[in-house]
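Tertiary structure, described
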Amino acid sequence: MARSALSREEVLDTAAALVREHGPDALTMRRLAAELGTAVTSIYWHVGNRESLLDALVARTVADLGTLRPHGTSPAERMVSVARGLRRALRERPHLVAMVHERGLTERMFLPAQRALAHEAHAAGLRGTAAARAVRAVQFQVVGYVLVERNRERAPAQSPAEEELWRAEEAESDGPLARALAAPIDTERLFTDSVRALVDGLLAGASGDTGDEVVGRGPYSL
């Protein structure tokens, strides 16, 4: 017997879980109704048709990425915390993020994180183009890192594997380097270290720096 009590939020929660686990193609109204133990007509009553449901999931994903909150005792620490939170959110929602992108809302999705980064860049003394460069550099670092992680996870088994490729001779007789490169990657630590180094470099010597004097000088100009 179909259940009688059902909320819009429960429908969206279950739909989001299906998309996260199986991708958008797995989200049909019949399957969603079966997961909820209700009738298809009840799903339509709460969220409309499938396109309306997908639109609601996209809106929710955009809203979820607006809940990132910086933490730390310095602007640099807080910028790193925003980057870590953004990476985690993107990794937890790959299919939902792809849906956001397909609907042309990617920039809107990243806006809250950009605002948080801009606030911390200002707190560190950056202004103008220099602050904008810091915001975008951190954002691109996060997105690029997540894409590399996803590609590595989906890649076929490598032969020879990475740990078989590095020997002391290939590492210029640096045994510790060879052993480190042959070891499994601690992706969380690598991400944190790389973002921290990037942020430290961007904020080095900041004191009201606008960066306007370097506009137009090469590929990294905004």
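This text follows the structure it describes.
In this text the structure is predicted, and so the values were computed from the model without any measurement. Counting restarts for each chain: residues are numbered from 1 in the order of the written sequence. In keeping with the predicted nature of the model, local features appear solely for residues at pLDDT of at least 70, side-chain atom pairs appear and are counted solely at 80 or more, and the whole-chain, interface and lining totals rest on all residues. The basis for every side-chain value is the complete set of heavy atoms in the structure, and neither hydrogens nor water enter the calculation.

Regarding unusual backbone geometry
That bond from Ser-159 to Pro-160 is cis: its omega, 5°, falls within 30 degrees of zero. Under the DSSP-based scheme used, a helix requires at least four consecutive residues in state H or I and a strand at least two consecutive residues in state E, with every element numbered from the N terminus. With respect to the helices and strands, the residue Pro-160 is situated in the loop between α8 (128-154) and α9 (162-165). Notably, Ser-173 is not glycine yet its phi reads approximately 65°, a positive angle. Looking at the secondary structure, you find Ser-173 in the loop between α9 and α10 (175-182). Ser-173 gets classed as exposed once you look at its relative accessible area, which sits at 67%. Here's how the labels work: a residue is buried when its accessible area is under 20% of the maximum for its type, exposed when over 50%, partly exposed in between, all with a 1.4 Å probe on protein chains only.

Overview of the pattern of salt bridges
The rule for a salt bridge is simple: a side-chain nitrogen of Lys or Arg has to be within 4 Å of a carboxyl oxygen of Asp or Glu. A complete count under the given rule lists 14 salt bridges for this structure. Between Asp-193 and Arg-189 there is a salt bridge; the shortest N-O distance is 3.7 Å. Here the residue Asp-193 and the residue Arg-189 both occupy positions in helix α11 (residues 187-203), the gap between them amounting to 4 residues, near one helical turn. Residue Arg-189 is classed as exposed on the basis of its relative accessible area, which comes to 57%. Close ionic contact of Asp-193 with Arg-196 constitutes a salt bridge, the shortest N to O distance being 3.8 Å. Residue Asp-193 and its partner Arg-196 are located together in helix α11, separated by 3 residues, close to a single helical turn. Look at the salt bridges and you will find they share partners, linking Arg-84, Arg-87, Arg-91, Glu-149, Glu-153 and Glu-188 into a network.

Regarding α11
To estimate how far a helix should reach, multiply one less than its number of residues by 1.5 Å. Helix length check: α11 (17 residues) gives 24 Å between terminal C-alpha atoms against 24 Å at 1.5 Å per residue, within 8%. Here α11 has its buried residues at Phe-191, Thr-192, Val-195, Val-199 and Leu-203. Taken around the axis of α11, the buried residues stretch over an arc of 95°, which confines them to a single face. Facing away from the buried side of α11 by more than 90 degrees, the exposed set consists of Arg-189, Ala-197 and Gly-201. Arc definition: it is the arc formed by the directions from the helix axis to the C-beta atoms.

A short note on α8
Every α-helical turn comprises 3.6 residues, leaving residues that sit three or four positions apart pointing alike. Taking 1.5 Å as the rise per residue, α8 with 27 residues should run 39 Å; its terminal C-alpha atoms sit 39 Å apart, in good agreement. Within α8, the full set of buried residues consists of Thr-129, Ala-130, Ala-131, Ala-134, Val-135, Val-138, Gln-139, Val-142, Tyr-145, Val-146 and Glu-149. The contact criterion used is simple: two residues touch if any of their non-hydrogen atoms lie within 4.5 Å. Where α8 is buried, its residues touch α5 (75-92), α7 (106-123) and α11.

Some thoughts on the packing of aromatic side chains
Put simply, two rings from Phe, Tyr or Trp (the six-membered ring, in Trp's case) pair if the centres are within 6.5 Å, and we call them stacked under 30 degrees between planes, edge-to-face over 60, tilted for the rest. Evaluated as defined, the whole model comprises 1 aromatic pair. When the ring of Tyr-145 is compared with that of Phe-191, the centres are 4.9 Å apart and the planes differ by 65°; the resulting orientation is edge-to-face. Of this pair, Tyr-145 sits in helix α8 while Phe-191 sits in helix α11, placing them 46 residues apart in sequence. Both residues of the pair, Tyr-145 and Phe-191, count as buried. Only lysine NZ and arginine CZ atoms are considered, and such an atom sits over a ring when it is within 6 Å of the ring centre and within 35 degrees of the ring normal. Lying across the ring of Phe-191, Arg-87 places its NZ or CZ 5.1 Å from the centre.

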